[in-house]
Amino acid sequence: MEVQRELDTRGLNCPLPILKAKKALAEMVSGELLRVVATDPGSLRDFQAFARQTGNELVEQQTVGSEFLHVLRRR
């Protein structure tokens with residue numbers, strides 16, 4: 001999976017990871033992938049809801065230690 005952009009939101013709590021992802025996705029082309037690295041456990045459900053509400057595809061979510069990785073495909 002080739003990710004075009006990565007966003008580091010470690011240490012930020014809701015709603016900042018979502019807001020930063022929304023801004024990054026707005027600057028991307030349709031079909032491109034954005035990886036967001038977060039430390040907020042609530043980001044798992046936040047990104048699921050964000051994808052449903054915006055039409056962007058949540059391609060993958062992973063928990064690696066204390067970090068949460070989210071990969072979104074720009075609609």
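Description of the structure in this document. (Residues numbered from 1 in each chain as written. Predicted model: local features only at pLDDT ≥ 70, side-chain atom pairs only at ≥ 80, totals over all residues. Heavy atoms only, no water.)

Section: helix 1 (residues 16-26)
Reasoning step 1: Among the residues of helix 1, those classed as buried are Pro17, Ile18, Ala21, Ala24 and Leu25. Considered in projection along helix 1, the buried side chains sweep an arc of 125 degrees and stay on one side of the axis. Those residues of helix 1 that are exposed and aimed more than 90 degrees away from the buried face are Lys22, Lys23 and Ala26. (Buried < 20%, exposed > 50% of the residue type's maximum accessible area, 1.4 Å probe, protein only. Helix = DSSP H or I, 4+ residues; strand = E, 2+ residues; numbered from the N terminus. Arc of directions from axis to C-beta.)

Here we look at the pairing of strand 2 (residues 33-38)
Reasoning step 1: Within strand 2, 5 of the 6 residues are buried, which leaves it mostly tucked inside the rest of the structure.
Reasoning step 2: Of the strand pairs in this sheet, strand 1 (residues 5-9) and strand 2 are connected by 5 bridges, and their pairing is parallel. In the sheet register, Arg5 faces strand 2, and the bridge partner there is Leu34.
Reasoning step 3: Taking the sense of rotation as the criterion, the β-α-β connection linking strand 1, helix 1 and strand 2 turns out right-handed. (Pairing = 2+ DSSP bridges. Right-handed = clockwise from strand over helix to strand, strands pointing away.)

Some thoughts on the sheet that holds strand 4 (residues 67-73)
Reasoning step 1: As summarised here, the arrangement of the 4 strands in space is 1-2-4-3, forming an open sheet in which the pairing is mixed. Of all strands in the sheet, those with a lone pairing partner are strand 1 and strand 3 (57-64), marking the two edges. Mean inter-strand twist for the sheet, computed between neighbouring axes without regard to direction, equals 15 degrees.
Reasoning step 2: Where strand 3 and strand 4 come together, 7 bridges link them in antiparallel fashion. The residue bridging Leu58 from the neighbouring strand is Leu72, located in strand 4.
Reasoning step 3: This element, helix 1, spans strand 1, strand 2 and strand 4 of the sheet and lies at about 160 degrees to strand 1. (Axes fitted to C-alpha atoms, helices over the stretch in contact; angles between N-to-C directions. Contact = heavy atoms within 4.5 Å.)

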